[in-house]
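Chain and residue survey
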Amino acid sequence: MFLYERFCQWLGHLKLSRVIVMVSVILFVVPLFTHYYLSKYETSSISLGSSSVRHTLETLGDISTMNVVDLKLRIEEMLRIKASVSTELRELEEKRGRLQREAAAASAKADNVKAEYARATAELQRLRVSADQARLAQLEAIRRDTPELAPPAQILPIQPPSILSPINPSSEIHCRMHSCFDYSRCSLTSGFPIYFYDPDIFSPLAGAEVDGFLKTTLRQTLGYNAHLTQNPNVACLYIVLVGESFAFEKSVLPSTELYKLMLNETAIKSLPYWGGDGRNHVLLNIARRELSVGSGDAFTGVSIGRAMIAQSTYKLDQFRPEFDLVTPPALGPPGGDVWADCVPIAPARRKYLLSFQGSQSTTNSIYQDNDTFLIDALQKMASAGPASDLFYLQFECDPPVERHALIPIGDWSLCGTDRSRRSVLRDSTFVLILAPGDSSYTTTALLQARIYEALRSGAIPVLLGGDRIRLPYDEVLDWRRAVLSLPKARVTELHFLLRALSDSDLLVFRRQGRVLWERYLSSVQANIDSLLATIRTRLNIPALPASPTVGTPAFNDSFSPPKLEPPAVDAEPEETLGPLEAPYPSPAYRRNYSLALLHGYEMWNEWGEPFSLYPQLPWDPPVTSEARFMGSAAGFRPIGAGAGGSGKEFSEALGGDRPREQFTIVILTYERESVLAAALARLRGLPYLNKVVVVWNGVTPPTPAQAWPDCGAPVAVVRSSRNSLNNRFLPYNLIETEAVLCVDDDAHLRHDEIVFAFRVWREQRDRIVGFPGRYHAWDLNFNNGFLYNSNYSCELSMVLTGAAFVHRYYLWAYWRALPAAVRDYVDQYMNCEDIAMNFLVAHITRKPPVKVTSRWTFRCPGCPVTLSADETHFHERHKCIQFFSQVMGYTPLLSTQFRADSVLFKTRIPHDKQKCFKFI
């Protein structure tokens, strides 16, 4: 570099003349030297060539003189050398490849060891958390000092009621549960056994006229009831069918032929288990023929001792509150689905604002004068109202109705036929129901029939004179949400009150009325079940546990499929989602007897009655939507602070006032063993997992040789009797937790997503909590109802149950409370079971589901083709929403823009604070 710089400096000092001279000299001298050296090279080349030729010829001469055998040997030796060298080269290449493979295997083994170390570290951390959790739970248990109680032994009587002396007939009117009922036959653990007197065997009179439909229906209805017993010695309650099951005295009147009920007091008191005074007996007076006759008052002037009465007609001085029961007449079918008899709840307002059809069944001027003012005020209201408010008021039947002597004085007879009355009620927003003119009556069979028909047709009953009227099972049912009850003095303000109700209020009244009608009044079975449940509720006896579905095991008890250790996966030792504990079930006993002991909530459903009216589940139903304060609107009533969670981690991160619990995963699969194995492998190390129940929907059983990955929790495989999507929601006896995570076999969910959804569900136990959200939208093109939509949207009304938490109560309700037509539709199209569950939960709670995280789908891209991949799948879901809405009378789905994320979602947390929030 230095020389180059010096040369550049020297070159810069040269003059142009000197450069020209030097170039000229070089151009002259270089050719001379070149010519000289080229001439010498040619001479030496010629001499060298001649010597090379001579050497070659000498060599050829030597080869020609060699022996041919020696030449062959030399060639073979060279070939052997070549082969040996090739062999050595191949061996070296193989050795190099083997060394490379060994190095790769060693590297992979080192990676596996690292991953195993990471997983073992994470497992150790979880075990430490679990140990701390157990210690804290032990300390809390010691501080509370409340041991877990086992259910007391079942106490049943062993002999029929003892014979006691009858009570004074004048004292019968004062009978109440505390004075006329024998509690010793009905212990809390008795199960409330009931005995039914067969009218054919215990008929007091030979040749008694018996309505065959009523007798057969009663036998069949009580046969379905789990409380029925054939042993009268252990019975808590005895049912006696009165009315059409006993003899009638036939009397011929000038205009009609009547059957007057003649209750044989001697025959009643001679029943084999009467016990002298009739305690714990229920005299059931129901009829289905002529309402004015068969459902009249059967007990006037008859001594019944300490027996309870259940009928539709009472006088004020006859009815004994919280002892006798008001029942509707048997107007409906024996049982089954009744949705086809109902009309849609929407639209809110119908053709007629108010309707009435009836004729007062008396010629007594006293009672006619009492209601003349009502009729005049109603007719004036109809004529003076605006043209938009149509009234259908008919105070005289056409054709006229016969005024029977047995109809309660001043009561209003029904006009026309059931079909003609139904056509008017379907077009009526409100229907007027007038209390009997005789103020001594608190209820009549005709009034109960009007209530029945109004609720069936979706007309909101307006009960004038309702301040003295008793409605069916009103001690447990809140009728204020279905019936407008007004004194007759409010008739002049009636129009204003009817117009003051908004459309939303009308829909709430109509929906509540339909629920009450379907569940408690619609059929003979619903009526009898409600009657028995009301008496059982008085006694504070929990219902018998609902029978769970016993799944058929896919493998026998002596065989268990081989376990396959899942491959090691990368884990983050510093992330702990929760403790890994041994499986333990949800509490199943204490709340059955104490409604408020466990979680601090009094359980009432959204229809206004306690959950004890339902068959008792071996678990707890979810808290419902609205708050109930001192018997007001139904829901739940907070009665104090909760008991607190077991352990710091649960009390701080899992809902505070709730005890520790686990969840069960239910996987529905159809002959996809490889997909199922991958789904089980993904569950390895999942906290709070109690059990995995695999519902095998396939025709052929799973392969016994198939290895099942070890997910760290018990796995039970049950076979279904048929391929049905409804099997996903069967209340299997294997499910021992309240929380149930329904998952498709091809659903991909991370552990942190599952745990977070579980935490959200613990605080929203009555809702569906899951990941993929969908919504329903009105069909703007054809105005033909709601359509199913899976597009991205700012709102949702459904969460697919292919990846969602539900309460175990809803598995029972899916098969008991949901109409069978919905499940049949699911089987017909092999679709829409998730929509059906969303309809059911929204109908019960009147709340939308809860979506967690931003995940919109959960399908794995490499899985085999599923049902949802069919082109008709999406169109069938449109039809499902429309059909389910038709069955339920309305679309119960509610939209929401709410989505649950962690409190610290996308929050920048200082490094020194992050140890408390590893889940975020």
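Reading the values: rules and limits
Residues numbered from 1 in each chain as written. Predicted model: local features only at pLDDT ≥ 70, side-chain atom pairs only at ≥ 80, totals over all residues. Heavy atoms only, no water. Pairing = 2+ DSSP bridges. Helix = DSSP H or I, 4+ residues; strand = E, 2+ residues; numbered from the N terminus. Contact = heavy atoms within 4.5 Å. Axes fitted to C-alpha atoms, helices over the stretch in contact; angles between N-to-C directions. Phe/Tyr/Trp six-rings, centres within 6.5 Å; stacked < 30°, edge-to-face > 60°. Buried < 20%, exposed > 50% of the residue type's maximum accessible area, 1.4 Å probe, protein only. Expected span 1.5 Å × (residues − 1). Salt bridge = Lys/Arg side-chain N within 4 Å of Asp/Glu carboxyl O. Polar contact = N/O pair within 3.5 Å; in protein donor to acceptor, adjacent residues only side chain to side chain.

The name given to the protein chain in an unreviewed UniProt entry is glucuronosyl-galactosyl-proteoglycan 4-alpha-N-acetylglucosaminyltransferase, with the source organism recorded as Parnassius apollo.

1. Observations concerning the sheet that holds strand β30 (residues 803–807)
Overall, mixed pairing links the 9 strands, which are arranged β17-β24-β22-β21-β25-β30-β26-β31-β32 in an open sheet. The strands lining the two open edges of the sheet, one partner per strand, are β17 (552–553) and β32 (899–900). Pairing analysis gives 2 bridges linking strand β31 (residues 850–852) to β32, with the strands arranged parallel. Each residue of the ladder has a partner; that of Lys 851, found in β32, is Arg 899. Strand contacts of helix α16 (residues 673–681): β21 (663–669), β22 (689–696) and β24 (715–719), with the helix running at about 175° to β22, the strand carrying the most contacts. Packed on one face of the sheet, helix α18 (residues 808–816) meets β25 (739–744) and β30 and runs near 85° to β30.

2. What to know about the packing of aromatic side chains
Tallied over the entire structure, the rule returns 30 aromatic pairs. Ring centres of Trp 778 and Phe 786 lie 5.0 Å apart, and the angle between their planes is 85°; this geometry places the pair in the edge-to-face category. A relative accessible area of 39% means that Trp 778 is categorised as partly exposed.

3. Describing unusual backbone geometry
Residue Pro 347 follows Ala 346 across a cis peptide bond; omega there is 0°. The backbone of Glu 322 shows a phi angle near 60°, a positive value even though the residue is not glycine. In this structure, Glu 322 sits in the loop between β7 (314–315) and β8 (325–326). Exposure remark for Glu 322: the relative accessible area of 56% places this residue in the exposed category. Unlike most non-glycine residues, Glu 671 shows phi in positive territory, near 50°. One can find Glu 671 in the loop between β21 and α16.

4. Quick word on the pairing of β30
Within β30, 5 of the 5 residues are buried, which leaves the element mostly enclosed by the surrounding structure. Residues Ala 803, Phe 805 and His 807 point to one face of β30 and Ala 804 and Val 806 to the other, with burial holding for every one of them. Summarising the sheet, strand β26 (residues 769–770) and β30 pair through 2 bridges and their orientation is antiparallel. Across the sheet, Val 769 pairs through a bridge with Phe 805, a residue of β30.

5. Here's the deal with helix α17 (residues 751–763)
With 13 residues, α17 should cover 18 Å at 1.5 Å per step; its first-to-last C-alpha distance of 19 Å lies within 8% of that length. Along α17, the positions that sit buried rather than exposed are His 751, Glu 753, Ile 754, Val 755, Phe 756, Ala 757, Phe 758, Arg 759, Val 760, Trp 761 and Arg 762.

6. Quick notes on the pattern of salt bridges
By the definition in use, this model includes 31 salt bridges. Glu 475 serves as the salt-bridge partner of Arg 538, at 2.7 Å between the closest nitrogen and oxygen. One end of the pair, Arg 538, is in helix α13 (residues 524–538); the other, Glu 475, is in the loop between β15 (460–464) and β16 (484–486), with 63 residues separating them in the sequence. The exposure class assigned to Glu 475 is partly exposed, which follows from its relative accessible area of 35%. Of the charged contacts, one joins Asp 710 and Arg 684 as a salt bridge, the two residues approaching to 3.4 Å between their closest N and O atoms. One end of the pair, Asp 710, is in the loop between β23 (708–709) and β24; the other, Arg 684, is in the loop between α16 and β22, with 26 residues separating them in the sequence. Judged by its relative accessible area of 25%, Asp 710 is partly exposed. Using a relative accessible area of 31% as the deciding quantity, one classes Arg 684 as partly exposed. One salt-bridge network, in which partners are shared between bridges, spans Glu 661, Glu 738, Arg 762 and Arg 765.

7. As for the side chain of His 776
Along the chain, the position of His 776 falls in strand β27 (residues 773–778). At a separation of 2.8 Å, a polar atom in the side chain of His 776 contacts the side chain of Ser 797.

8. Section: the sheet that holds β15
With parallel pairing, the 5 strands of this open sheet are ordered in space as β11-β9-β13-β15-β16. Each edge of the open sheet carries a strand with a single partner, namely β11 (390–394) and β16. Recorded for the sheet is a direction-independent mean angle of 20° between the axes of neighbouring strands. Judged from the 3 bridges that link them, strand β9 (residues 352–357) and strand β13 (residues 428–434) form a sheet pairing that is parallel. Considered in β13, the bridge of Leu 354 is made with Phe 430. Sitting on the sheet, helix α9 (residues 418–425) touches β9, β11 and β13, and the angle it makes with β9 is about 160°.

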